[in-house]
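What follows is the residue order along each chain.
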Amino acid sequence: MSPQMFFTFLVGTAGSGKSLLTASLEKWLLASEMSVTIVNLDPGVEEPPYTSDVDIREYVDYGEVMHQFGLGPNGALVASLDMAVSHVNDLREEILDTGRGYVLVDCPGQMELFAYRNSGPMLVSSLSGKDPALSLYLLDSNIARTPTGYLSSMLLGMSINIRFGLPQLNVLSKPDILTEEQVDQIVEWAEEPHILNDALNISASGLSREYSGSILRMMEDLGGVTRMVPVSAKEMTGIETLYGELQRVFAGGEDYVTYE
Ligand SMILES: Nc1nc2c(ncn2[C@@H]2O[C@H](COP(=O)(O)OP(=O)(O)OP(=O)(O)O)[C@@H](O)[C@H]2O)c(=O)[nH]1
Ligand SMILES: [Mg+2]
């Protein structure tokens, strides 16, 4: 019998740390004697910080697409992803052939393009099929450090959630660039929206304050304000907590055993 596979899609704004977290998660899972497959879904990446097992670049040539169709970097990414859709069965086949338990899918840099075009959600749903899957949404500490930056990142996360329709976990990436107090504050904003509201009232003004207040209330109504796990891919901190959260989503708290 083929082993159960668990798909984790790493998503987040450009440069938020998706690729490095993919590499660090793999390292951690392997050290914990679990089996992992890495899938690179970014056609434009040059040197990812890991060795991928399955790679979209084997199916589409981003540089060639840019050259042949006279496209800029964003247009070429969109066109490459559209082309990749026709290879999705081969990609899934390759993933299944590895027979490993955890499948980490590093999504393209320009998340905005990936999530909002139809090809992105199509790739995500076809790759994971009926297997358990979730998205790991990275909020970059560079952005989330201010109340309005945090709120707008959460809003983008919700929007990605709507597009993918998968359970989603929020990760605060690069917490090592902040002080401990700043990290604690962001975690608190996630858990206690009224504290974020107070912070927004101080930092935003006029219309921006009104928008922010309404968005926050909407997020609360939808249950979009949840836990935030700080994880430094650089310093390998917070990964154990993140793993606990992954397990909780995948298996309702059970610690699944995966097979080599
Ligand atoms: N300090 C710190 N830097 C990090 C961390 N994770 C990633 N970075 C840095 O942030 C930059 C972007 O990291 P990537 O992993 O390439 O981010 P990405 O989201 O895959 O980027 P794109 O695919 O281009 O959107 C690199 O310089 C990383 O070294 C972290 O935990 N701490
Ligand atoms: Mg990347």
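Only a predicted model underlies this, so the values are computations on that prediction, with no experimental measurement involved.

Novice: Kindly report on the overall build of the protein chain, identifying the contributing residues and their values.
Specialist: A tally of helices and strands in the protein chain yields twelve helices and seven strands. Going through the 260 residues of the protein chain one by one, you find that 39% of them count as buried. Long-range contacts, defined here as pairs at least 24 residues apart, represent 75% of the contacts in the protein chain between residues at least 6 apart.

Novice: So what's going on with the sheet that holds strand β1 (residues 6-12)? Which residues, and what values?
Specialist: The seven strands are arranged β3-β2-β4-β1-β5-β6-β7 in an open sheet whose pairing can be described as parallel. The open sheet is flanked by β3 (54-55) and β7 (228-231), the only strands paired with a single partner. Pairing analysis gives four bridges linking strand β6 (residues 168-173) to β7, with the strands arranged parallel. In the strand pairing of β7, leucine 172 is matched with proline 230. Most of the contacts of helix α1 (residues 18-31) go to strand β4 (residues 102-106), to which it runs at about 165 degrees, and overall it touches β1, β2 (36-40), β4, β5 (133-140), β6 and β7. Across the sheet, helix α8 (residues 147-164) touches β1, β5 and β6, and the angle it forms with β5 is around 160 degrees.

Novice: Outline unusual backbone geometry, listing residues and values.
Specialist: Residue glutamate 33 is not a glycine yet carries a positive backbone phi of 60 degrees. Considering the arrangement of structural elements, one finds glutamate 33 in the loop between α1 and β2. According to the C-beta neighbour criterion, glutamate 33 is exposed, with 9 such atoms within 10 Å. For methionine 236, which is not glycine, the phi torsion reads 55 degrees and is therefore positive. Note that methionine 236 resides in the loop between β7 and α12 (239-251). For methionine 236, a count of 14 C-beta atoms within 10 Å puts it in the partly exposed group.

Novice: For the site of ligand 1, give the residues involved together with the corresponding values.
Specialist: Residues in close proximity to ligand 1 total 17 residues, the closest being Gly17, Ser19, Leu20, Gly109 and Lys234. For the shell around ligand 1, the leading source of residues is α1, giving three residues. Tallied by class, the residues present in the shell around ligand 1 amount to four nonpolar, eight polar and five charged.

Novice: Account for the nonpolar core, naming residues and giving values.
Specialist: Ranked by size, the top nonpolar core spans 66 residues in total, and within it Phe9, Leu10, Val103, Leu104, Val105 and Val171 carry the most contacts. Not counting residues up to four positions away in its chain, the partners in contact with valine 103 are Met5, Phe6, Phe7, Thr8, Thr37, Val39 and Ile95.

Novice: Now, about the confidence of the model for the protein chain: what can you tell me, with residues and values included?
Specialist: Taken residue by residue, the protein chain gives an average pLDDT of 91. The fraction at 70 or more is 95%. With pLDDT under 50 throughout, residues 253-260 is counted as low confidence; its partners more than four residues away or in other chains account for 17 contacts.

Novice: So what's going on with α8? Residues and values would help.
Specialist: Given a rise of 1.5 Å per residue, 18 residues ought to cover 26 Å, and the 26 Å separating the end C-alpha atoms of α8 matches this to within 8%. The complete set of buried residues in α8 reads Pro147, Tyr150, Leu151, Ser153, Met154, Gly157, Ile160 and Phe164. Positive backbone phi, at 60 degrees, marks glycine 165, one or two positions downstream of α8.

Novice: Go over the pairing of β5, please, and point to the residues and values.
Specialist: One face of the sheet, then the other: side chains in a regular strand alternate in exactly this way. The element β5 is extensively covered by neighbouring structure, given that six of its eight residues are classed as buried. The sheet contact formed by β1 and β5 spans six bridges and is parallel. Bridge pairing links glycine 12 to leucine 138 in β5. Pairing of β5 with β6 involves six bridges; the strand directions are parallel. Paired with serine 135 across the two strands is glutamine 168, which belongs to β6.

Novice: How would you sum up the pairing of β2? Please name residues and give values.
Specialist: For β2, the tally of buried residues reaches five of five residues, placing the bulk of the element in the interior. One ladder, built from five bridges, connects β2 with β4; its direction is parallel. Across the sheet, the residue bridging to valine 36 is tyrosine 102, located in β4. Pairing geometry for β2 and β3, over two bridges, is parallel. Note that in β3 the partner of valine 39 across the bridge is valine 54.

Rules and cut-offs
Residues numbered from 1 in each chain as written. Chains lettered and ligands numbered in written order. Predicted model: local features only at pLDDT ≥ 70, side-chain atom pairs only at ≥ 80, totals over all residues. Helix = DSSP H or I, 4+ residues; strand = E, 2+ residues; numbered from the N terminus. Buried ≥ 20, exposed ≤ 12 C-beta atoms within 10 Å, placed from the backbone. Contact = placed C-beta atoms within 7 Å. Pairing = 2+ DSSP bridges. Axes fitted to C-alpha atoms, helices over the stretch in contact; angles between N-to-C directions. Near = placed C-beta within 6 Å. Nonpolar A, V, L, I, M, F, W, Y, C, P; charged D, E, K, R; others polar. Core = buried A, V, L, I, M, F, W, Y, C linked by C-beta atoms within 7 Å. pLDDT = per-residue confidence, 0-100. Expected span 1.5 Å × (residues − 1).

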